[in-house]
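What follows is the residue order along each chain.
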Amino acid sequence: GDFVTLVNNGSSSNRVDLVFVGDGYTAGEIATTYANHVDAMVSYLFGSPSNPLSRYASYFNVHRVNVVSSQSGADVPQLGISRNTALDATYRYDGTTDRLLYFNTGKANTAVATALTGSAIDVDMRMGIVNESVYGGGGGQWAVYAGGNASALGIAVHEMAHSFAGLADEYFSPGTYTGPEP
């Protein structure tokens, strides 16, 4: 896959380099659906004074890595749906949680490293967009979310808090994590 720099505010040495990678976007969807999903998130994060990171916008560079999948979408094991995607995105990533949407981080890291070879871009923040409309996301090394869902922007910020800021969830129901923030 190749990459496009969407925002360049300076050298990677003193900027946060935010990199997007997508899964479940076919060749015909990269310049349309995928680009629109990324652009919507960038506008949401940095586009107006009320947005989450707008006052820090000049400290960020934003890059979009284009990864082409053979089929659109993600696996949905609970419905018996299996799709051929570049990063193996799947719901129920842990085997039980319906809305836990994630992908193979090894494949994502390889795609990004290959695309950025020789660019001097030092990735600080990783966001993965899956070409799906069903609510879902997951945090970890990558903040992953369903780009076509009506709540995509909120899901992405939530997952970004896990992935970039290292925050844990604070759900108040039996069986949830109750320890300190990592």
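Residues numbered from 1 in each chain as written. Predicted model: local features only at pLDDT ≥ 70, side-chain atom pairs only at ≥ 80, totals over all residues. Heavy atoms only, no water.

> Whenever I open this one, the environment of Ala-86 confuses me. Can you help?
Within the fold, Ala-86 resides in the loop between β3 (60-65) and α2 (105-116). The spatial distance from the C-alpha of Ala-86 to the C-alpha of Gly-24 is 7.1 Å, given a sequence separation of 62 residues. If sequence neighbours within four positions are ignored, Ala-86 has contacts with Asp-23, Val-67, Val-68, Ser-69 and Lys-107. (Helix = DSSP H or I, 4+ residues; strand = E, 2+ residues; numbered from the N terminus. Contact = heavy atoms within 4.5 Å.)

> Help me understand the packing of helix α1 (residues 27-46) against helix α3 (residues 152-163) in this model?
For any two helices packed against each other, the geometry is given by the interaxial angle and the distance between the axes. Look at α1 against α3: their axes get within 10 Å of each other, and the N-to-C directions meet at 70°. Between α1 and α3, the interaxial angle falls into the category roughly perpendicular. Seen from above, α1 lies across α3 with right-handed handedness. Residue-level contacts link Ala-40, Met-41, Tyr-44 and Leu-45 of α1 to Leu-153, Ala-156, Val-157 and Met-160 of α3. (Axes fitted to C-alpha atoms, helices over the stretch in contact; angles between N-to-C directions. Parallel < 35°, antiparallel > 145°, perpendicular 65-115°, else oblique. Left-handed = near helix turned anticlockwise from the far one by under 90°.)

> What's the story with the nonpolar core in this structure? I'm lost.
What tends to happen in soluble globular proteins is that the nonpolar side chains get buried as a cluster. Of all hydrophobic cores here, the largest spans 23 residues; its most connected members are Val-21, Val-65, Phe-103, Val-112 and Trp-142. Going through the elements one at a time, β2 (16-23), α2, β4 (123-130) and β6 (143-146) are the ones with two or more residues in this core. A per-element tally of this core places α2 first, with 5 residues. In this structure, Val-42, Leu-53, Ile-129 and Ala-156 belong to the second largest nonpolar core, which totals 22 residues. (Core = buried A, V, L, I, M, F, W, Y, C linked by side-chain atoms within 4.5 Å. Buried < 20%, exposed > 50% of the residue type's maximum accessible area, 1.4 Å probe, protein only.)

> Would you take a moment to explain the sheet that holds β2 for this structure?
Hydrogen bonds along the backbone pair up the strands of a sheet, which may run parallel or antiparallel. The mixed open sheet is built from 6 strands, whose spatial order is β1-β3-β2-β4-β6-β5. Of all strands in the sheet, those bounded by a partner on one side alone are β1 (3-7) and β5 (137-138). As judged from the 4 bridges shared by β4 and β6, these two strands associate in the parallel manner. Note that in β6 the partner of Val-130 across the bridge is Ala-146. (Pairing = 2+ DSSP bridges.)

> What should I look at first to understand α3 in this one?
Here α3 spans 16 Å end to end across 12 residues, near enough to the 16 Å set by a 1.5 Å rise per residue. Taken together, the buried positions of α3 are Ala-152, Ile-155, Ala-156, Glu-159, Met-160 and His-162. Buried positions in α3, seen along its axis, are confined to an arc of 155° and lie on one side of it. Buried residues along α3 sit against α1, β4, β5 and β6. (Expected span 1.5 Å × (residues − 1). Arc of directions from axis to C-beta.)

> Looking at this structure, how should I read the pattern of salt bridges?
Pairing is possible between side chains that carry opposite charge, provided their charged atoms lie close to one another. Under the counting rule described, the total for this entry stands at 3 salt bridges. For the salt bridge of Asp-88 with Lys-107, the shortest nitrogen-to-oxygen distance reads 2.7 Å. Here the residue Asp-88 occupies a position in the loop between β3 and α2, and Lys-107 occupies one in helix α2, the gap between them amounting to 19 residues. Note that Asp-98 is salt-bridged to Arg-92, the shortest N-O span being 2.4 Å. The class for Asp-98 is partly exposed, based on a relative accessible area of 41%. Judged by its relative accessible area of 28%, Arg-92 is partly exposed. (Salt bridge = Lys/Arg side-chain N within 4 Å of Asp/Glu carboxyl O.)

Any link to function would need more than the numbers given here.
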